[in-house]
Amino acid sequence: MRGLGRMISLLLLPALILCGCSGTGNNSKQSGQEEEAASGKEKGYITVGFSEVGSESDWRRAHTKSFKEAFSAENGYDLLFEDAQQKQENQLKAIRNFILQEVDYIILDPIVETGWDAVLQEAKDAGIPVILVDRFADISDPELYTCWVGSDFYKEGQRAGEWLENYLEDRGLDEKEIHIVTLQGTLGSTAQIGRTEGFDQILQQHENWVMLEQQSGDFVQAKGEEIMEYFLDTYDDIDVVISENDNMTFGAVDAIHAAGQTCGPNGDIVMISFDATHAALESMLNGEVHADFECNPLLGVMASEVIQKLEKGESVEKIQYVEEQYFDFSMDLRKIIEERGY
Ligand code: AHR
């Protein structure tokens, strides 16, 4: 909380909203945002600059929506939203603009883990707390960020490996040579590093599991399809595909069908995915995917709770994991899909 002034203005907030004086800014023009940041402050909103990764996947769109909802004018926020289009240089620029605009908080979902020290030092020097969400940043000084909220990507990868272990064992295939390919996410992102390393940890325990190749599809459907086509052209004995997000899975399923092959519980190839979005669970129901390891995109409310605590001068947990589960073809998917929020 930056003073009594905002508290007084907050009391006037409902009246301002009724007057139609909303200060929520979603455009990417800096001058417009500067005006909005200034007017948001005058109205007593908490101004938050959010640098989002991009709009590369269904998961990402649900994530963005959850922040726009949680950081609405109705909730007392002026959100300055920047889509980095999967480019770190855009995120660095956005953060520097947020600093210039003297926002109250910066929320950063770092595309990759490295390269943040200098810009976060600038935010710290300007006295702006930085909250990391979803992906992590490998920062030398932990004082450069207030806290991080997100998924345990390593555990997701490990769980996927354990699931495959049980699946093969149940079918008496635990001694057979198993050929695996991996569609990786954006290289250097926490989601890619965690899932790859978590799965690899289980892979190392099985001499008969052979990783044929790992390649990045950047979490994008079209690239997932392209790489899967290459895998199918290169290897004629793929047993398992580990796809590090649902959109790459959709691309891979298309490539497999186009090659005249099948995947899913009644097909030729075991398909394992991450995210567990609505569309992917439907694809599982259609018999195309074996198992999907959830990555919860609804982090907006958690980030807002952090800011509300900081506003009251309360301390916050430095590392906050969200609860996650997994789904497979043996479950009652119709009911799960009905209740799925994203
Ligand atoms: O960082 C989370 C990952 O990024 C999600 O798994 C993926 O779908 C998104 O693009």
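My aim in this report is to walk through the structure given alongside it, one point at a time.

What about the site of the ligand?
Part 1 of the reasoning: The local shell around the ligand consists of E56, S57, W59, R60, D134, R135, A191, R195, F219, N245 and D275.
Part 2 of the reasoning: The side chain of S57 places a nitrogen or oxygen atom 3.0 Å from an oxygen atom of the ligand.
Part 3 of the reasoning: In the model, an oxygen atom of the ligand is placed 3.1 Å from a nitrogen or oxygen of the R60 side chain.
Part 4 of the reasoning: Protein contacts shield 100% of the accessible area of the ligand, which totals 280 Å² for the unbound molecule.
Part 5 of the reasoning: Listing elements by their share of the shell around the ligand, those giving two or more residues are α3 (58-70) and α7 (190-203).
Part 6 of the reasoning: Residues belonging to the shell around the ligand are distributed by class as follows: three nonpolar, two polar and six charged.

Side note on unusual backbone geometry
Part 1 of the reasoning: Phi angles above zero are rare outside glycine, and D134 is one such case at about 65°.
Part 2 of the reasoning: On the secondary structure map, D134 appears in the loop between β4 (130-133) and β5 (147-150).
Part 3 of the reasoning: Phi at F219 is positive, roughly 70°, even though this residue is not glycine.
Part 4 of the reasoning: For F219, the position within the fold is in the loop between β7 (209-216) and α8 (221-234).
Part 5 of the reasoning: A relative accessible area of 3% means that F219 is categorised as buried.

Observations regarding the pattern of salt bridges
Part 1 of the reasoning: Per the stated rule, a full pass over the model turns up 15 salt bridges.
Part 2 of the reasoning: Linking D109 and R60 is a salt bridge whose minimum nitrogen-to-oxygen distance equals 2.8 Å. Here D109 is found in the loop between β3 (105-108) and α5 (117-125), whereas its partner R60 is found in helix α3, with 49 residues between them in sequence. Of the two residues, D109 and R60, both sit in the buried class.
Part 3 of the reasoning: Note that R195 is salt-bridged to D275, the shortest N-O span being 3.7 Å. Here R195 is found in helix α7, whereas its partner D275 is found in strand β9 (residues 270-275), with 80 residues between them in sequence.
Part 4 of the reasoning: Given the relative accessible area of 3%, D275 is considered buried.
Part 5 of the reasoning: Residues joined in a network through salt bridges with shared partners are E52, E56, R60, D109, D134 and R135.

Topic: helix α11 (residues 300-311)
Part 1 of the reasoning: The end-to-end C-alpha distance of α11, which contains twelve residues, comes to 16 Å, matching closely the 16 Å that a straight helix rising 1.5 Å per residue would cover.
Part 2 of the reasoning: For α11, the complete set of buried residues consists of G300, M302, A303, S304, V306, I307 and E311.
Part 3 of the reasoning: Once α11 finishes, G313 follows within two positions and takes phi at roughly 80°, a positive value.

Let's talk about the pairing of β3
Part 1 of the reasoning: Neither face of β3 is left uncovered, since the one carrying Y105 and I107 and the one carrying I106 and L108 both have all their residues buried.
Part 2 of the reasoning: Inspection of the sheet shows strand β1 (residues 46-52) paired to β3 by four bridges, in the parallel sense. The partner of V48 across the bridge, within β3, is Y105.
Part 3 of the reasoning: Examined bridge by bridge, β3 and β4 share three bridges and lie parallel to one another. The residue bridging I107 from the neighbouring strand is I131, located in β4.
Part 4 of the reasoning: In this fold, β3 hands off to α5, which returns the chain to β4; that crossover is right-handed.

Notes on the sheet that holds β1
Part 1 of the reasoning: Taken together, six strands build an open sheet; the order of strands is β2-β1-β3-β4-β5-β11 and the sheet is parallel. Sheet topology places β2 (77-83) and β11 (319-321) at the edges, where each strand pairs with a single neighbour. Within this sheet the neighbouring strands show an average axis-to-axis angle of 20°, counted without direction.
Part 2 of the reasoning: As paired strands, β1 and β2 are joined by seven bridges and run parallel to one another. Looking at β2, one finds that T47 is bridged to D78.

Focus: the packing of aromatic side chains
Part 1 of the reasoning: Here the structure, examined in full by the defined rule, presents 13 aromatic pairs.
Part 2 of the reasoning: On the basis of an interplanar angle of 15° and a centroid distance of 5.0 Å, the ring pair of W163 and Y167 is categorised as stacked. Within this pair, W163 and its partner Y167 are both found in helix α6 (residues 153-170), separated by four residues, close to a single helical turn. As far as burial versus exposure is concerned, W163 and Y167 are alike and both buried.
Part 3 of the reasoning: Ring pairing ties together the aromatic residues F50, F67, F71, Y77 and F81, which thus form one cluster.
Part 4 of the reasoning: Across the ring face of F81, the terminal group of K68 is positioned such that the distance to the ring centre comes to 4.4 Å.
Part 5 of the reasoning: Across the ring face of Y145, the terminal group of K318 is positioned such that the distance to the ring centre comes to 4.3 Å.

Focus on the side chain of T182
Part 1 of the reasoning: When you line up the elements, T182 lands in strand β6 (residues 178-184).
Part 2 of the reasoning: Sequence-distant contacts of T182, that is, excluding residues within four places in its chain, are made with M211, E213, Q214, Q215, F231, I242 and E244.

Rules of the game
- Residues numbered from 1 in each chain as written.
- Predicted model: local features only at pLDDT ≥ 70, side-chain atom pairs only at ≥ 80, totals over all residues.
- Heavy atoms only, no water.
- Near = heavy atom within 4 Å.
- Polar contact = N/O pair within 3.5 Å; in protein donor to acceptor, adjacent residues only side chain to side chain.
- Areas by Shrake-Rupley, 256 points an atom, 1.4 Å probe, with all protein chains shown as cover.
- Helix = DSSP H or I, 4+ residues; strand = E, 2+ residues; numbered from the N terminus.
- Nonpolar A, V, L, I, M, F, W, Y, C, P; charged D, E, K, R; others polar.
- Buried < 20%, exposed > 50% of the residue type's maximum accessible area, 1.4 Å probe, protein only.
- Salt bridge = Lys/Arg side-chain N within 4 Å of Asp/Glu carboxyl O.
- Expected span 1.5 Å × (residues − 1).
- Pairing = 2+ DSSP bridges.
- Right-handed = clockwise from strand over helix to strand, strands pointing away.
- Axes fitted to C-alpha atoms, helices over the stretch in contact; angles between N-to-C directions.
- Phe/Tyr/Trp six-rings, centres within 6.5 Å; stacked < 30°, edge-to-face > 60°.
- Lys NZ or Arg CZ within 6 Å of the ring centre and 35° of its normal.
- Contact = heavy atoms within 4.5 Å.

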